Amino acid sequence: MKLEVRVPTLSDSVASGTLLPWRKQVGETVARDETLVDLETDKVILEIPAPASGTLVELRQPEGAVVKADEVVAVIETGENIAPPVSAEKPVQPAAAATVTSAVPAVASPVPSAPLPATPEMPAATPGEHRREPMSRLRQRVAERLVAAQHTAAMLTTFNEVNMQPVNELRQRFKAEFEVKHGVKLGYMSFFVRAVCQALQQFPIVNAAIDGTDIVWQGDADIGIAISSPRGLVVPILRRAQALSSAEIEAAIADFARRAREAKLTLEELSGGTFSITNGGVFGSLLSTPILNPPQSAILGMHTIQERPVAENGQVVIRPMMYLALTYDHRLIDGRDAVQFLVAVKAALEAPDALLPAV
């Protein structure tokens, strides 16, 4: 009996995907639920599994083809003693480069445990070489969203700096106990997430969004955490972050980072969000102006911690300082609220005991 292999159901925000290299070729036997090919969308990579055990007898779509939900991409023949078709020895040739629209979105989803095909990090052109390659879906999608944000939002950035010594001292005092008790390291992100959640309660307009001529108020702080992955930037969401403990935040972010590297984040984990945090400091950035992630109205940029001389109680002292940047949509958020929100984040981080209530 012949069974058709179809593209799985995609989300409302994903219309199509691009087939990556086939893992199986015509004539090869396959096991039920074995991954035949990966589908790259502008948000995630999805696995297309075999619906049953049997022999792959036909590939309807080649590598690089753009396909939609429920489209047939291959045919499997089930039953015993199935001989591969005579004409099936030759694998389907990849689509012409001009038609390949492979891309890499900001998300990854049920992806294979096997290594992904090399795409984003292509070697630089050698001297005298001129090479052209298609942008990944992820890169195309990121580009579209960034340009859209600049065209639709009235973005403005306000800056402040925070003395990280109190957080450093608290981490030093409790990091060993924290890791033993919770099995995860006590990093900086849990302090920032909790400080942001406190500030969002004081200034709920920063957590709101514009929808046409309406303001959409959000009851929960669903915080997007920007993570750099081999495929590009992804922003998984910490749902109801205001209700999470420091250990839950650190564990969730560590899990996001691991699965981002493995391209195993899901569409649901990358959708939604009311506010974002991005940390360019891990790459050494001293100061930057982050761009909004629509339809969110604000994003917090963290930067590298650098020892600098500062005035403290009339004395010049050396402190580990970090610049903070808050980019916000001035159509919705007034400068007063944006500045006071960032000051509230700074105040929480400089008196962080309340951010780590129970180790």
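Quantities reported herein were computed from a predicted structural model and do not represent experimental measurements.

Participant: Can you help me understand the packing of aromatic side chains in this one?
Facilitator: Aromatic rings considered in pairs are described by the distance between their centres and by the relative angle of their planes. Inspection of every chain in the model, using the stated rule, returns one aromatic pair. In this arrangement the basic side chain of arginine 171 is found over the ring face of tyrosine 188, its NZ or CZ atom lying 4.3 Å from the centre. Over the face of the ring belonging to tyrosine 323 we find arginine 308, whose NZ or CZ atom lies 4.2 Å from the ring centre.

Participant: Help me understand the nonpolar core, please; the structure alone is not making it clear to me.
Facilitator: Where a protein is soluble and globular, its nonpolar side chains tend to be buried together. In this structure, Ile223, Leu238, Phe275, Ile277, Phe341 and Leu349 are the most contacted members of the largest nonpolar core, which totals 78 residues. When residues in this core are grouped by element, the largest group, nine residues, is from helix α3 (residues 189-202).

Participant: Even after reading the chapter, I still don't get helix α2 (residues 165-182), so can you show me in this structure?
Facilitator: Structural remark: α-helix, 3.6 residues per turn; residues separated by three or four positions point the same way. Spanning 18 residues, α2 covers 24 Å between terminal C-alpha atoms, matching the ideal 26 Å at 1.5 Å per step. Helix geometry: α2 is bent most strongly at phenylalanine 174, by close to 55°. On its buried face, α2 sits against α3, α4 (246-261) and α5 (335-350). Glycine 183 sits one or two positions beyond α2 and adopts a positive phi of about 70°.

Participant: How should I be thinking about a nonpolar patch on the surface in this particular structure?
Facilitator: Nonpolar side chains collect at one region of the surface, where Phe159, Leu286 and Leu287 lie side by side and expose about 260 Å² of accessible area between them. Structurally, leucine 287 is set in the loop between β16 (275-279) and β17 (298-302). With a relative accessible area of 47%, leucine 287 lands in the partly exposed category.

Participant: Where do I start with the sheet that holds strand β4 (residues 35-40) in this structure?
Facilitator: Strands in a sheet are paired, the pairing made by backbone hydrogen bonds, and the direction either parallel or antiparallel. Spatially, four strands are ordered β5-β4-β2-β7 in an open sheet, and the strand pairing comes out antiparallel. A strand with exactly one partner marks an edge of an open sheet, and here the two such strands are β5 (45-49) and β7 (66-68). Each adjacent strand pair in this sheet contributes to an overall mean axis angle of 40°, direction not counted. Summarising the sheet, strand β2 (residues 16-19) and β7 pair through three bridges and their orientation is antiparallel. Of the residues in β7, the one forming a bridge with threonine 18 is valine 66.

Participant: Explain the confidence of the model for the protein here, please?
Facilitator: Residues shown with low pLDDT carry predicted positions that ought not to be read at fine detail. When the pLDDT values of the protein are averaged, the result is 85; 86% of them are 70 or greater. Averaged over each element, pLDDT in the protein is lowest for helix α1 (residues 137-152) (80) and highest for α5 (98). A low-confidence stretch, residues 83-120 stays under pLDDT 50, and its non-local contacts, those more than four residues away or across chains, total 118 contacts.

Participant: How do you make sense of the pattern of salt bridges when you look at a structure like this?
Facilitator: One pass over the full model with this rule turns up 17 salt bridges. Its salt-bridge partner being arginine 131, residue glutamate 133 comes within 3.7 Å of it at the nearest N-O pair. With a relative accessible area of 41%, glutamate 133 lands in the partly exposed category. With relative accessibility at 36%, the residue arginine 131 sits in the partly exposed group. Salt bridges sharing common partners tie together Asp255, Arg258, Arg259, Glu262 and Glu269.

Rules and cut-offs
Residues numbered from 1 in each chain as written. Predicted model: local features only at pLDDT ≥ 70, side-chain atom pairs only at ≥ 80, totals over all residues. Heavy atoms only, no water. Phe/Tyr/Trp six-rings, centres within 6.5 Å; stacked < 30°, edge-to-face > 60°. Lys NZ or Arg CZ within 6 Å of the ring centre and 35° of its normal. Core = buried A, V, L, I, M, F, W, Y, C linked by side-chain atoms within 4.5 Å. Buried < 20%, exposed > 50% of the residue type's maximum accessible area, 1.4 Å probe, protein only. Helix = DSSP H or I, 4+ residues; strand = E, 2+ residues; numbered from the N terminus. Expected span 1.5 Å × (residues − 1). Bend = angle between axes of the 7 residues up to and from the residue. Contact = heavy atoms within 4.5 Å. Patch = residues over 30% accessible without salt bridge, like charges linked within 9 Å, V, L, I, M, F, W, Y side chains within 5 Å. Areas by Shrake-Rupley, 256 points an atom, 1.4 Å probe, with all protein chains shown as cover. Salt bridge = Lys/Arg side-chain N within 4 Å of Asp/Glu carboxyl O. Pairing = 2+ DSSP bridges. Axes fitted to C-alpha atoms, helices over the stretch in contact; angles between N-to-C directions. pLDDT = per-residue confidence, 0-100.

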